[in-house]
Amino acid sequence: MSFDTIIRNGRWFDGTGAPSAIRNIGIRDGRVSAVTPHDLEAAGCPQVIDATGKWVLPGLLDIHTHYDVEVLDEPALPESVRHGVTTVMVGSCSLSTIHVDGVTAGDLFGRVEAIPREHVIAAVDKHKTWSSCDEYVAALEALPLGPNVAAFIGHSDMRAATMGLDRATRKSVRPTKAEQARMEQMLAEALAAGFVGMSSQQLLFDKLDGDTCRSRTLPSTYAKPRELRRLKSLLRRSGRVFQSGPDITNPLNLGSQVAQSLGVFRKPLKTSLLSAADVKSNPFAIHVLGPLARLVNRFGADFRWQHLPVPFEVYADGIDLVVFEEFGAGAAALHLRDELERNALMRDEDYRRWFRKDYDSKFAMRVWQRDFFDAEIVDCPDPSVIGKSFGRVGLGRGGLHPVDAFLDLVLEHGTALRWRTTISNHRPHVLKKLAREPGVQMGFSDAGAHLRNMAFYNSGLRLLRHVHDAEKAGRPFMTIEHAVHRLTGELADWFQLDAGHLREGDRADLVVLDPERLDASLEQYAEAKIEQFDGMSRMVNRNDDTVNAVFVGGQAVFLDGAATAVLGKQRTGSFLRAKTTTPITKGELAHAS
């Protein structure tokens with residue numbers, strides 16, 4: 001028996017949480033054909049990897065990305081693959097590129113996800129040959145995909161394409177009967193094509209780009225209960241997933257979304273909500289989210305929170321950061337694209353008074369803690385302020401209010417002023433608790449979005465480091481096997497994907513890593529240029545000594561920190577279709593139409 005690749009003597013994890021063991025793994029025709037403690041015959045095998053002292057685990061899943069645009073121009077998606085991610089999900093937060101044109105996609109993605117609008121338009125207009133979900137899948141698989149791709153269809157995509165972006169973002173307008181039926185047909189077709197479900201968004205500080213509808217919230221936020229109820233019914237019947245971001249300013253919205261996951265007298269609605277985070281702005285909220293998930297699941301729901309298992313550290317250039325969208329004064333500044341107009345606003349004393357009032361408000365629900373004493377300047381043409389907080393700068397300028405110190409520096413230096421803060425997940429003991437919480441999913445990287453603001457491409461590796469360090473210190477909080485399962489098989493099984501496991505017959509999507517290099521390199525700051533975005537520099541992660549090999553579909557795509565010749569040149573990944581025992585039938589497609 002010959003193999004395409006043999007991986008010898010690695011500590012093998014199968015993705016189920018079962019005990020790990022030293023094994024030899026044989027790969028043939030894109031599948032795992034042998035997992036054995038015995039030697040494998042290497043005669044005729046073109047590639048043999050010695051994994052002694054290394055871990056061999058299933059490729060990681062990233063269940064929340066915004067690669068919808070980037071995958072068109074750079075289908076290799078190397079920034080994820082190099083860290084052992086072999087399956088990514090697109091179509092999050094109500095945003096996808098199935099039905100909208102380039103300009104509408106630019107309006108939807110540009111400001112919400114901080115992807116330059118002109119590049120969104122160019123990529124979609126250049127590549128879009130599809131008008132249906134089946135054609136979209138075929139178009140993706142015609143590209144040299146690096147990782148596997150699974151997809152949600154976006155509610156805002158469907159709504160904007162059906163109603164037009166202007167009508168879809170007006171409170172007084174509801175879809176006509178024909179428009180509602182068309183959206184239901186779009187969803188049914190997506191589910192029949194193997195999409196994992198539908199994403200929506202009710203969070204009200206996600207704003208549109210462009211001119212026509214600038215600063216309105218995403219189309220899905222205007223949907224009334226009846227519209228959502230009819231779409232969710234298709235998801236229930238098919239057993240697929242509803243992903244959403246709740247309106248955190250409205251407890252009734254959050255409660256309704258949790259309750260609708262219940263399956264009283266009907267199938268439960270598989271629900272994945274954003275996000276379980278230990279936010280600094282409300283340190284008590286996290287103690288409610290885990291018990292809430294356990295409670296509703298005990299009564300028959302199938303509910304999960306998505307979670308980033310590392311500190312949520314963000315960077316900003318000047319005032320360009322999405323957290324400013326969550327209060328009126330911040331959103332007013334971001335509404336203005338013209339630098340002169342924006343600067344005039346920030347000089348205005350009435351505006352500053354408004355900003356200070358919003359900043360000092362202690363009662364409004366928020367994501368950002370709004371504390372400029374907890375925001376460090378990391379780069380600036382004025383070296384005297386580097387390493388200081390805006391609050392400290394204000395004190396040094398005669399006791400200026402932190403808001404005035406911030407606005408003054410933005411006016412002086414614009415986007416050359418770079419600063420950072422940690423919004424959530426800052427308490428290690430809470431992260432340990434969330435890592436074990438069964439109602440929490442490990443996935444909220446936002447890869448492909450907020451390119452200058454954050455980089456969590458290696459968040460799975462960072463969780464493994466956290467677990468491994470605790471084990472070495474004699475204070476384990478979960479086993480390595482459990483951690484691997486949470487990042488791989490648990491996610492694949494819940495989303496019904498052929499991924500996340502490393503047993504005989506499984507897809508040969510795997511990563512070989514050096515546990516001794518699960519170290520501080522995982523947290524270091526790095527940037528790299530995006531050539532297809534005119535050389536724009538984005539935040540990335542670089543820990544090339546940690547990951548020794550990444551395989552997708554049985555082919556090596558990264559070895560020792562470097563991409564192989566096949567990555568981006570030939571397709572290694574596939575579009576992964578969700579498996580289900582209740583497929584959408586032709587009759588349901590006809591009913592939806």
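Residues numbered from 1 in each chain as written. Predicted model: local features only at pLDDT ≥ 70, side-chain atom pairs only at ≥ 80, totals over all residues. Heavy atoms only, no water.

> An account of the pattern of salt bridges is needed here, citing residue identities and associated values.
Under the defined criterion, the tally for this structure stands at 41 salt bridges. We note a salt bridge from Asp408 to Arg352, for which the minimum N-O separation is 2.7 Å. Of the two residues, Asp408 sits in helix α16 (residues 402–413) while Arg352 sits in helix α14 (residues 349–360), which places them 56 residues apart along the sequence. Taking relative accessible area as the criterion, Asp408 reaches 21% and is therefore assigned partly exposed. In the salt-bridge network here, residues are joined through shared partners; they are Glu349, Arg352, Arg356, Asp404 and Asp408. (Salt bridge = Lys/Arg side-chain N within 4 Å of Asp/Glu carboxyl O. Helix = DSSP H or I, 4+ residues; strand = E, 2+ residues; numbered from the N terminus. Buried < 20%, exposed > 50% of the residue type's maximum accessible area, 1.4 Å probe, protein only.)

> Account for the domain arrangement of the protein, naming residues and giving values.
You can read the domains of the protein as domain 1 (60–311 + 425–500) and domain 2 (321–420). Using only C-alpha atoms to locate each centre, domain 1 and domain 2 end up separated by 30 Å. Each partner contributes residues to the interface: domain 1 has 18 residues there, and domain 2 has 16 residues. Carbon and sulfur atoms supply 49% of the area that domain 1 and domain 2 bury against each other, a total of about 1,500 Å² over both sides. Summed over the shared surface of domain 1 and domain 2, the result is 4 salt bridges. We note a salt bridge from Lys280 to Asp374, for which the minimum N-O separation is 2.7 Å. Counting across the domain 1 and domain 2 interface gives 9 residue pairs in polar contact (both at pLDDT 80 or more). Class assignment of the residues belonging to the side of domain 1 that touches domain 2 gives a composition of 4 nonpolar, 6 polar and 8 charged. (Domains from an automatic or database assignment. Contact = heavy atoms within 4.5 Å. Buried area = accessible area lost by both parts, 1.4 Å probe. Polar contact = N/O pair within 3.5 Å; in protein donor to acceptor, adjacent residues only side chain to side chain. Nonpolar A, V, L, I, M, F, W, Y, C, P; charged D, E, K, R; others polar.)

> Tell me about the environment of Tyr457, residues and numbers included.
Of note, Tyr457 is situated in the loop between β16 (440–442) and α18 (459–472). With a relative accessible area of 5%, Tyr457 lands in the buried category. Considered as a pair, Tyr457 and Gly84 are 373 residues apart in the sequence and their alpha carbons are 9.4 Å apart. Within the structure, Tyr457 has its side chain in polar contact with the side chain of Arg538 (distance 3.4 Å).

> Describe the UniProt feature "domain: Amidohydrolase" (unreviewed entry) in the protein, listing the residues and the values that go with them.
Under the feature "domain: Amidohydrolase" (unreviewed entry), the UniProt entry names residues 47–229. For residues 47–229, the end-to-end C-alpha separation is 53 Å, with 38% helix and 14% strand making up the annotated structure. (UniProt positions renumbered as here; feature names shortened; annotations may be inferred.)

> Give a description of the sheet that holds strand β6 (residues 60–62) that names residues and reports values.
One open sheet accounts for 8 strands, arranged β6-β7-β8-β9-β10-β11-β12-β16; its pairing is parallel. This sheet does not close on itself; its edge strands, each paired only once, are β6 and β16. Sheet twist, expressed as the mean angle between neighbouring strand axes with direction ignored, is 30°. Where strand β8 (residues 148–154) lies against strand β9 (residues 197–199), 3 bridges are found, and the strand directions are parallel. Counterpart to Ile153 in the pairing with β9 is Met198. Most of the contacts of helix α6 (residues 155–163) go to β8, to which it runs at about 50°, and overall it touches β8 and β9. (Pairing = 2+ DSSP bridges. Axes fitted to C-alpha atoms, helices over the stretch in contact; angles between N-to-C directions.)

> So what's going on with the sheet that holds strand β13 (residues 312–317)? Which residues, and what values?
Taken together, 3 strands build an open sheet; the order of strands is β13-β15-β14 and the sheet is antiparallel. The open sheet has two edge strands, β13 and β14 (376–379), and neither has a second partner. Here the strands of the sheet are splayed against their neighbours by 35° on average, with no regard to which way each runs. For β13 and strand β15 (residues 418–424), the ladder comprises 6 bridges, and the chain directions are antiparallel. Within β15, the residue paired with Val314 across the bridge is Thr421.

> Run through the packing of α14 against α16, naming residues and quoting values.
Where α14 meets α16, the axes come as close as 9 Å, and the angle between the chain directions of the two elements is 130°. The pairing of α14 with α16 is recorded here as oblique in orientation. Here α14 runs over α16; the crossing is right-handed. Residues Tyr351, Arg352, Phe355, Arg356 and Tyr359 of α14 lie in contact with α16, whose contacting residues are Pro402, Val403, Asp404, Phe406, Leu407, Asp408 and Leu411. (Parallel < 35°, antiparallel > 145°, perpendicular 65-115°, else oblique. Left-handed = near helix turned anticlockwise from the far one by under 90°.)

> Please give an account of the side chain of Arg356 that cites residues and values.
Mapped onto the elements of the fold, Arg356 is located in helix α14. Here Asp404 takes part through its side chain, which lies 3.0 Å from a polar atom of the side chain of Arg356.

> Outline unusual backbone geometry, supporting the account with residue identities and numerical values.
For the bond from Leu274 to Ser275, the omega torsion is -10°, close enough to zero to count as cis. Within the fold, Ser275 resides in the loop between β11 (270–274) and α11 (286–298). Non-glycine residue Ser215 carries a positive phi angle of around 75°. Inspection of the secondary structure assignment puts Ser215 in the loop between β9 and α9 (225–238). Although it is not a glycine, Asp446 adopts a positive phi angle of roughly 60°.

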